[in-house]
Amino acid sequence: MSAVTVAAPVNAEQTGRRVEEVLERLTASGDPAAAAAAEELVRSLMDFYGAGLARILHLLSSAPGEPSAGLLGDELVASLLVLHDLHPEDRDTRIARALDSVREHALDVVDFDEESGTLRVRARAGGGCGCGSGADARLAAEAALACFAPEVRAVDVRTAPAGPTLLQISTTPTGAGTR
């Protein structure tokens with residue numbers, strides 16, 4: 001009986017950075033032929049995997065039921081589909097899906113600036129002082145968006161007030177203590 005090895009989780013953002021680092025090293029090596037060959041290799045592999053993913057989506061879409069819903073919610077699969085411009089959901093739907101994956105931060109989309117790639121969101125305060133942690137919400141949102149909506153390059157989190165301001169009401173009527 002053979003043991004099954006489980007591969008370490010693959011992160012699309014880290015993998016992309018690694019590919020860029022390797023290509024930079026080849027370019028910096030001073031051998032333009034090697035750099036060009038490496039870039040051609042990456043392009044060929046991207047085309048090959050993109051065609052395979054497109055075929056998978058086509059076959060899934062023609063199958064009865066909704067098997068693709070689970071695939072679209074998977075960070076790795078979603079990032080590959082976006083990378084190859086194959087993701088069937090529009091940008092706003094993918095942004096909503098990403099923010100839903102970090103629902104503990106209760107983020108609502110305010111707007112998206114396509115030119116800068118900045119997504120403005122409002123974090124609903126969870127009670128208490130209403131201060132919340134915007135930095136934690138921003139980091140969580142950026143991590144989720146990297147897979148589902150990489151066109152979002154920055155997240156601007158604003159905290160919404162928890163509710164109306166509470167008024168202090170005294171238990172003694174005005175003027176009751178002055179006689």
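Everything discussed here concerns the structure shown above.
Everything numeric in this text was worked out from a predicted model, so none of it was measured.

Trainee: I keep staring at the overall build of the protein and nothing clicks. Help me out?
Mentor: Counting its regular elements, the protein contains 6 helices and 3 strands. Residue pairs at least 24 apart in sequence account for 58% of intrachain contacts in the protein once pairs closer than 6 positions are excluded. When the accessible surface of the protein is totalled, it reaches about 12,700 Å², and 56% of it is carbon and sulfur.

Trainee: Would you explain the environment of G117 in this entry?
Mentor: In this fold, G117 is placed in the loop between β1 (107–113) and β2 (118–124). G117 gets classed as buried once you look at its relative accessible area, which sits at 0%. Each C-alpha atom, one on G117 and one on V152, is 4.8 Å from the other, the two residues being 35 residues apart in sequence.

Trainee: Hey, could you run me through the pattern of salt bridges in this one?
Mentor: Where side chains of opposite charge bring their charged atoms close, a pairing between them can arise. Enumeration according to the criterion identifies 8 salt bridges in this entry. With a closest N to O distance of 2.4 Å, R97 and E89 form a salt bridge. Linking R158 and D156 is a salt bridge whose minimum nitrogen-to-oxygen distance equals 2.9 Å.

Trainee: Explanation requested: the side chain of S79 in the structure shown.
Mentor: Tracing the backbone shows S79 in helix α4 (residues 75–83). Leaving out residues up to four positions away in the same chain, S79 has contacts with A12 and C147.

Trainee: What's the story with the environment of E142 in this structure? I'm lost.
Mentor: With respect to the element layout, E142 can be found in helix α6 (residues 134–148). Sequence separation between E142 and L119 is 23 residues, and the spatial gap between their C-alpha atoms is 9.6 Å. Leave out the neighbours within four places in its chain, and E142 touches A154 and V155.

Trainee: Sorry, what's going on with unusual backbone geometry here?
Mentor: Residues other than glycine seldom take positive phi values, yet D85 does so here, at roughly 55°. Inspection of the secondary structure assignment puts D85 in the loop between α4 and α5 (91–100). Given the relative accessible area of 72%, D85 is considered exposed. Unlike most non-glycine residues, A106 shows phi in positive territory, near 45°. Looking at the secondary structure, you find A106 in the loop between α5 and β1.

Trainee: I would appreciate a short explanation of the layout of surface pockets in the present structure.
Mentor: Taken as a whole, the largest pocket holds about 780 Å³ of empty space. Lining the largest pocket are 28 residues, and of these A12, E13, T15, G16 and L83 lie nearest its centre. Taken together, the elements giving at least two residues each to the lining of the largest pocket come down to α1 (12–28), α2 (32–62), α4, α6 and β3 (154–160). Among the elements that make up the lining of the largest pocket, the one with the highest residue count is α1 (8 residues). Of the residues assigned to the lining of the largest pocket, the class counts are 19 nonpolar, 4 polar and 5 charged.

Quick notes on the rules
- Residues numbered from 1 in each chain as written.
- Predicted model: local features only at pLDDT ≥ 70, side-chain atom pairs only at ≥ 80, totals over all residues.
- Heavy atoms only, no water.
- Helix = DSSP H or I, 4+ residues; strand = E, 2+ residues; numbered from the N terminus.
- Contact = heavy atoms within 4.5 Å.
- Areas by Shrake-Rupley, 256 points an atom, 1.4 Å probe, with all protein chains shown as cover.
- Buried < 20%, exposed > 50% of the residue type's maximum accessible area, 1.4 Å probe, protein only.
- Salt bridge = Lys/Arg side-chain N within 4 Å of Asp/Glu carboxyl O.
- 1 Å grid on protein atoms, 1.4 Å probe; cavity = no way out; pocket = protein on both sides within 12 Å on 5 of 7 lines; lining within 4 Å.
- Points joined across faces, edges and corners; volume = space filled by probe spheres on them.
- Nonpolar A, V, L, I, M, F, W, Y, C, P; charged D, E, K, R; others polar.

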